[in-house]
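Report on the structure
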Amino acid sequence: MSDDLFKIALIIDEASPKGPINQLIRTLEATNRDFSISVMARARDNDRQNETFVPNALFKTAPIVKTVKDRAALLALRLVFSLEQKLVAKRRQYKWLTQQADFRMLPLDNPLNDAQVFDAVIWLSQSDPNHAAPQIKGDRLQISFGASPDIFEAACRNDDCADFSISITEKHRALPQVAIAGSIMSANRWRLTHANMTLKAHAFIAKLICERADQGRWVYRNTQEFEAGQSAPQTRAYIPHLRDIGAYAIKSFLGHPLKKFWEKSVRRRAPLWSISVLKDDGLTTDMSMASRIPNPKSRFLADPYVISVKGETFCFAEDFFPDEKKGKISVLKLAEQTASSPEVVLDEPFHLSFPFVFQAGEDVFMIPETSAARQIRLYKAHSFPHDWRLHKVIMDNIDAADTVAFEKEGRWYLLTNICSADRSDHQSELHLFSATDLMSDTWAPAERNPIIFDSKKARNAGFFERAGKFYRVNQVQARAQYGYAFEINEVTEISPDNYSEKCVKRVNPQISEGMMRTHHYHYNGDYTVFDHSYIERR
């Protein structure tokens, strides 16, 4: 084996589910790096009867099983998890959950044997990574989903998001330190949230290892939960009460499906987006004074942006066509608190939304959301506001959404929501890029991207300048509910590698009676526009 290869060891338990390990190996191989990957399995200890009752898929740290009641609770937990897994694995993108091993497992060597040295050791075993297998040398990476069983507490509480972290124990350090921590939006099913978080964690394991291979050091990221390099907390393991497991099972297998059936099939109701306009500053004015713009027949409007050109004011918005199952970009001319009928000005073979429109010099540009094309595209108005043509592909082959760009002190910055797992989860990560010119072919990423890793804070929901200050609007996601509310944040610091902001206003969907969600806001110094959804009969 060549000494130039970056050597990775995956330490697993013999009883570990093989589907997630297959997926991690594929994620590492997809980086197209010269990695040598060895999978080493810890044999089941016949003296530890607990392992029969503690499913490895749920517990990254094994609890102590003392009583028959404990065993019954664990068996019930495993049954609920398995039933949910069967439902989730029916979806094409989650079939990896139940795949059998397509890799070769090596027995974890006897501690008396010679040491084996690796550049990175990914610890997926329930055994203590700080003490087990001392003959396996190398920096040790470990994934944590919080208290074990993984994220079950959060599922029982109906938490809006689920947290994870990756810690690293370097050879010259005694304790693990947090390399990255983040959160994703919770799904309605515990197993679905768990699967989504597994994919996200695997993507960042690969990212960390690529950085280590390229730079010769680990990159530690500041997060809202941990400072870069902070010591990792100990993972707690517990056994849930049978009543909590039963309550969750009723909610998962009966409560949620029945509610969905009742609303969609019996009452035939669903949330429908629309937009409102206010000829004033929404930061200081009661937004309930806004006028709601009627939707076009059999369509709906969302993601509004407003711009004034040559004394006239126009609102650009996503115009969704259900029959075509895609959005187009339409324009409405504003006058006081009324608007003209929407007119489609940009249509592509793929979905368009979030028409971030802005001026640069004498020209007017737009960066709509084009994640379906796997590109960040810049369009230029050749005859404003109707004639838009593709001017430049800013980034290609990227899973990004809701991009904004702006100039500050002679440098251009781009904020976008990228899914590092390439699974179209655009709620969790905010990435920063910078360049010397809007037309640059090279946008440099911030070293510690994502600069925000939090599903209640990351996704862009608007961007504007007011009184010489920049403001970023973010969506606030709720459990299995995209775009529940939004926050307006003043950008307090931005540079090629640093970003900070402070929240100055949160807007919940109680602006007017019947409003269910609101997830976008924009202000141009004269008009405020925002969107919202109401439950309406289909």
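Read on for an overview of the structure. Every value quoted in this text rests on a predicted model; they were computed, and no experiment measured them.

1. Side note on the side chain of His431
Assignment of secondary structure puts His431 in strand 21 (residues 429-435). Of note is the side chain of His431, whose polar atom sits 2.8 Å from the side chain of Glu429.

2. A closer look at unusual backbone geometry
In this chain, Phe384 is followed by Pro385 through a cis amide linkage whose omega measures 5°. The topology assignment puts Pro385 in the loop between strand 17 (375-383) and strand 18 (387-396). Omega for the bond connecting Asn449 with Pro450 falls within 30 degrees of zero, at 0°, which places this linkage in the cis form. Here Pro450 lies in the loop between strand 22 (444-445) and strand 23 (452-453). Non-glycine residue Ser298 carries a positive phi angle of around 65°. Tracing the chain through its elements places Ser298 in the loop between strand 9 (291-293) and strand 10 (300-309).

3. A look at the layout of surface pockets
For the second largest pocket, the calculated volume is near 810 Å³. Forming the walls of the second largest pocket are 27 residues, and the residues nearest its centre are Ile418, Cys419, Ser420, Ala421 and Asp422. Contributions of two or more residues to the lining of the second largest pocket are made by helix 1 (18-29), helix 5 (190-215), strand 18 and strand 21. The element best represented in the lining of the second largest pocket is helix 5, accounting for five residues. Residues that form the lining of the second largest pocket fall into these classes: twelve nonpolar, seven polar and eight charged.

4. Some points on the sheet that holds strand 5 (residues 136-144)
Read across the open sheet, the seven strands follow the order 3-2-1-4-5-6-7; overall the sheet is mixed. Of all strands in the sheet, those bounded by a partner on one side alone are strand 3 (105-107) and strand 7 (177-185). Between one strand axis and the next, the sheet turns through 25° on average, direction left out of account. Summarising the sheet, strand 6 (residues 161-169) and strand 7 pair through eight bridges and their orientation is antiparallel. Following the sheet pairing, Ser165 is matched in strand 7 by Ala181. In the packing of helix 1 onto the sheet, contacts are made with strand 1 (6-13), strand 2 (35-42), strand 3 and strand 4 (116-123), and the angle to strand 1 comes to roughly 170°. On the sheet, helix 5 packs against strand 1, strand 2, strand 4, strand 5, strand 6 and strand 7 and is oriented at approximately 30° with respect to strand 6.

5. Some thoughts on a nonpolar patch on the surface
Side chains of Ile250, Leu254 and Leu258 sit close together on the surface and give an oily, nonpolar patch of about 310 Å² of accessible area. Structurally, the position occupied by Ile250 is in helix 6 (residues 242-266).

6. A look at the packing of helix 3 (residues 68-88) against helix 6
Axis angle and axis distance: for two packed helices, these are the angle between their axes and the distance between the axes, and together they describe the pair. Orientation of helix 3 relative to helix 6, taken along the N-to-C sense of each, is 15°, at an axis distance of 9 Å. One finds that helix 3 runs roughly parallel with respect to helix 6. By crossing handedness, the relation of helix 3 to helix 6 is classed as left-handed. Between helix 3 and helix 6, the residues in contact are Ala72, Ala73, Ala76, Leu77, Val80, Leu83, Glu84 and Leu87 and Leu242, Ile245, Tyr248, Ala249, Ser252 and Phe253, respectively. Partitioned by chemical class, the residues of the contact of helix 3 with helix 6 number twelve nonpolar, one polar and one charged.

7. Let's talk about the nonpolar core
Among the nonpolar cores identified, the biggest contains 53 residues, and Leu10, Leu28, Trp190 and Ile209 are the most heavily contacted of them. Broken down by element, this core gets its largest block of residues, nine residues, from helix 5. Apart from residues lying up to four places away in sequence, Leu10 is in contact with Ile21, Leu24, Ile25, Leu28, Ile37, Ser38, Val39, Met40 and Ile122. Residues Val364, Ala381, Phe406 and Phe463 belong to the second largest nonpolar core, which totals 51 residues.

About the cut-offs
Residues numbered from 1 in each chain as written. Predicted model: local features only at pLDDT ≥ 70, side-chain atom pairs only at ≥ 80, totals over all residues. Heavy atoms only, no water. Helix = DSSP H or I, 4+ residues; strand = E, 2+ residues; numbered from the N terminus. Polar contact = N/O pair within 3.5 Å; in protein donor to acceptor, adjacent residues only side chain to side chain. 1 Å grid on protein atoms, 1.4 Å probe; cavity = no way out; pocket = protein on both sides within 12 Å on 5 of 7 lines; lining within 4 Å. Points joined across faces, edges and corners; volume = space filled by probe spheres on them. Nonpolar A, V, L, I, M, F, W, Y, C, P; charged D, E, K, R; others polar. Pairing = 2+ DSSP bridges. Axes fitted to C-alpha atoms, helices over the stretch in contact; angles between N-to-C directions. Contact = heavy atoms within 4.5 Å. Patch = residues over 30% accessible without salt bridge, like charges linked within 9 Å, V, L, I, M, F, W, Y side chains within 5 Å. Areas by Shrake-Rupley, 256 points an atom, 1.4 Å probe, with all protein chains shown as cover. Salt bridge = Lys/Arg side-chain N within 4 Å of Asp/Glu carboxyl O. Parallel < 35°, antiparallel > 145°, perpendicular 65-115°, else oblique. Left-handed = near helix turned anticlockwise from the far one by under 90°. Core = buried A, V, L, I, M, F, W, Y, C linked by side-chain atoms within 4.5 Å. Buried < 20%, exposed > 50% of the residue type's maximum accessible area, 1.4 Å probe, protein only.

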